[in-house]
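Structural description and commentary
Each chain, letter by letter, is given below.
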Amino acid sequence: MKKSSKSIFLFLCIAPSFLLFLVFMIIPTFNIFRMSLYKWGGYSPDKTFVGLDNFIKLSKDMKFFQSFENTIFLIVAVSLVTFTMALVFAAILTRENLIGQNFFRVVFYIPNILSIVIISAIFSAILDSKNGLLNSILNIFRDKNAEPIYWLGDQKIVIYSIAMAMIWQAVGYYMVMYMASMASVPESVYESASLEGAGKIHQFFHLTIPLIWTNIRTTLTFFIISNINLSFTIVKAMTGGGPDGSTEVFLSYMYKQAYTNSSYGYGMAIGVVVFLFSFALSGIVSLVTKREPIEL
Amino acid sequence: MKKKSGKHVLIYCLLIILAILIIVPVGWVFMASLKQNHEFYETPWKLPSGFYVQNFIDAWGSAHMGQYMLNSVIVTAVAIVLLLMLALPASYCLSRFQFKMKKVIQILFMAGLFINVNYIVVPIFLMFVDGEKWLKSMGLEPLFLNNIFILALVYASTALPFTIYLLSGYFVTIPKTYEEAAYIDGSSYFRTMVEVIFPMARPSIITVILFNFLSFWNEYIIAITLLTDPDGSKTLPVGLMNLMKAQNASAQYGRMYAGLVLVMLPTLVLYILVQKKLTQGMMLGGLKG
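Quantities reported herein were computed from a predicted structural model and do not represent experimental measurements.

**Details of the overall build of chain B**
For chain B, the count of helices and strands is twelve helices and zero strands. In terms of C-alpha radius of gyration, chain B reaches 24 Å, well past the compact-globule figure of 19 Å for 289 residues. Along the longest, intermediate and shortest principal axes, the C-alpha atoms of chain B span 80 × 75 × 35 Å. For chain B, the proportion of its 289 residues judged to be buried stands at 37%. A separation of at least 24 residues holds for 75% of the contacts in chain B among residues at least 6 apart in sequence.

Right, dumping it as structure tokens:
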């Protein structure tokens, strides 16, 4: 076959994908960094180059720090709870002989296939202060005349409500991931440990966790990146950042500045900070959790 | 033995509690979709007094959910077809042939795995705003915003890195002998790819379709950003968001929950049918944030 026909074939196969990828992913990403150096607000067409002004303004923006704090809280709290629950349930479902194993696996994964819009609607129904499912249960134990708990209205509580929704959504996903890597640990390892008298709990900490450590490390990075994203999508659908900024997170604040407020340059500067922050944090976590892989 | 069964009871309790925490809220939405409006002021645990199907009729008709559903079906289908038409040939060539620039293209696509659409949705929007201005200066009709086909194109394009990653992983495992035999028979590059290789990639193609069906069907951040016209076309999740906001004002809970059921039902049915395939595919793909 001729050389030129091969070149044409390769070009026709790759160019369309690559072009669209360039236009809708690479250029927008590049634009975030470029636009963060411009003052470009409202509907005026002129952009003025302002250097790092947007970043200096950002370092004094209390609302940004609140969104920073909320994001960090959600990353840490949601990751810890989800991680523990996913790991324990994965170990139970792979290591124990149970009736209905498959049923539980199927059910636990359901939240992951639902739209975030659905999840926020479900949690709005659960957490409604008057007719919510949660308060109606709690009222059985509480004084009849007590003030209802404002799960979504109280500035101190609402961030926990968001965390609850995020955990509910994520446990099944990570559980299935851990189940996959736990299933690849050979049964003989556990048999010899049992012969030496190691109990199930001991096996969990000294065999299962070290043996799937590589997988755990990967998921820790996922936790950071996906919690930054998930907190945005859930907050946007559930509270819109309110009440009074108490659930504002990184990307919801960026979206608000860049899209709703039309301060594009400023919004993109937030984007740059979040981008760098998530990469730095993932890098640190990945370094800290580095262990020598265990050979069998 | 006695100790063992005691431990098992505890384990079952844990499992059942988590299962209840998931099934009850989801089931409750189905129940609520059949309630009449006044029933929402009673205890939320009461069963619906009858099958109030009017909610679904209202949601479908006066709340435009029928129209939105059609839009969602079109966007999802077009995006998946586009994605496959783009990603299949590209991943085949990238995993099979040697050529200049191959490494650069591969590295860029790999980097694309780390770019999340939530970051770049505003720059994409601004690009379209500029595009509309340009079209206007040329005396043409607006094209980019409020267009569900453009939305589908953005969905397909932003799904490319992950899809190419997944498909390439499969193509490298197919032995080269299949193509060599086809070339000897005089088959062209294109025909070999379409008639010999693609049919073999069926399992991976199904995984790609499953994943992207779920993510396109459920997506709402890009949709809400690019479909700006309040009276224009919307996808189901965007329409639902509007209904949720309107819900407080007009207190029409019933049709909102009916709308939720309409969004949820296709994904649940699909999931129950293919759950094994989906969770296996997830283990294969791994990297889907």
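**A closer look at the confidence of the model for chain B**
Considering every residue of chain B, the mean pLDDT works out to 86; 93% of them sit at 70 or more. Interface confidence in the predicted complex, given as ipTM, is 0.88; pTM for the same model is 0.89.

**Some words on the nonpolar core**
Judged by nonpolar contacts, the single largest core of 150 residues is most densely connected at A:Ile162, A:Met175, A:Ile234 and B:Leu151. The leading source of residues in this core is helix α7 (residues 158-183) of chain A, at 15 residues.

**With respect to the environment of A:Gln101**
Residue placement: A:Gln101 occurs in helix α4 (residues 101-113). In this structure A:Gln101 comes out as partly exposed when scored by C-beta crowding, with 14 C-beta atoms within 10 Å.

**So, the packing of helix α1 (residues 3-35) of chain A against helix α6 (residues 148-171) of chain B**
With their axes 9 Å apart at the nearest point, α1(A) and α6(B) run at an angle of 100 degrees to one another. Between α1(A) and α6(B), the crossing angle belongs to the class labelled roughly perpendicular. For the pair formed by α1(A) and α6(B), the contact residues are A:Ser17, A:Leu20, A:Phe21, A:Phe24 and A:Met25 on the first element and B:Val154, B:Ser157, B:Thr158, B:Leu160 and B:Pro161 on the second. Among the residues making up the contact of α1(A) with α6(B), the classes are represented as seven nonpolar, three polar and no charged.

Reading guide: rules and limits
Position labels on residues start from 1 in each chain and follow its written sequence. Chain letters and ligand numbers both follow the written order, the letters beginning at A and the numbers at 1. Where local features are concerned, this predicted model is filtered to residues with pLDDT of at least 70; where side-chain atom pairs are given and counted, the filter is 80 or more; whole-chain, interface and lining totals use all residues. To qualify as a helix, a DSSP run of H or I must reach at least 4 residues; to qualify as a strand, a run of E must reach at least 2; elements of each kind are numbered from the N terminus. Between the two quantities, the radius of gyration covers C-alpha atoms and the globule rule is 2.2 Å times the number of residues to the power 0.38. Exposed residues have 12 or fewer other C-beta atoms within 10 Å of their own C-beta, buried residues have 20 or more, and residues in between are partly exposed; the C-beta atoms are placed from the backbone. Residues are scored as being in contact if the C-beta atoms we place from backbone atoms lie within 7 Å. Per residue, pLDDT captures the predictor's confidence, and it can take any value from 0 to 100. For this entry, the nonpolar core is defined as buried Ala, Val, Leu, Ile, Met, Phe, Trp, Tyr and Cys residues connected by C-beta atoms within 7 Å. Where helices are involved, their axes are fitted lines through C-alpha atoms of the stretch in contact, as for all axes, and angles between N-to-C directions lie from 0 to 180°. Should an angle lie under 35 degrees it is considered roughly parallel, over 145 roughly antiparallel, and from 65 to 115 roughly perpendicular; all remaining angles are considered oblique. Three classes are used: nonpolar for Ala, Val, Leu, Ile, Met, Phe, Trp, Tyr, Cys and Pro, charged for Asp, Glu, Lys and Arg, and polar for all others, with Gly counted as polar.

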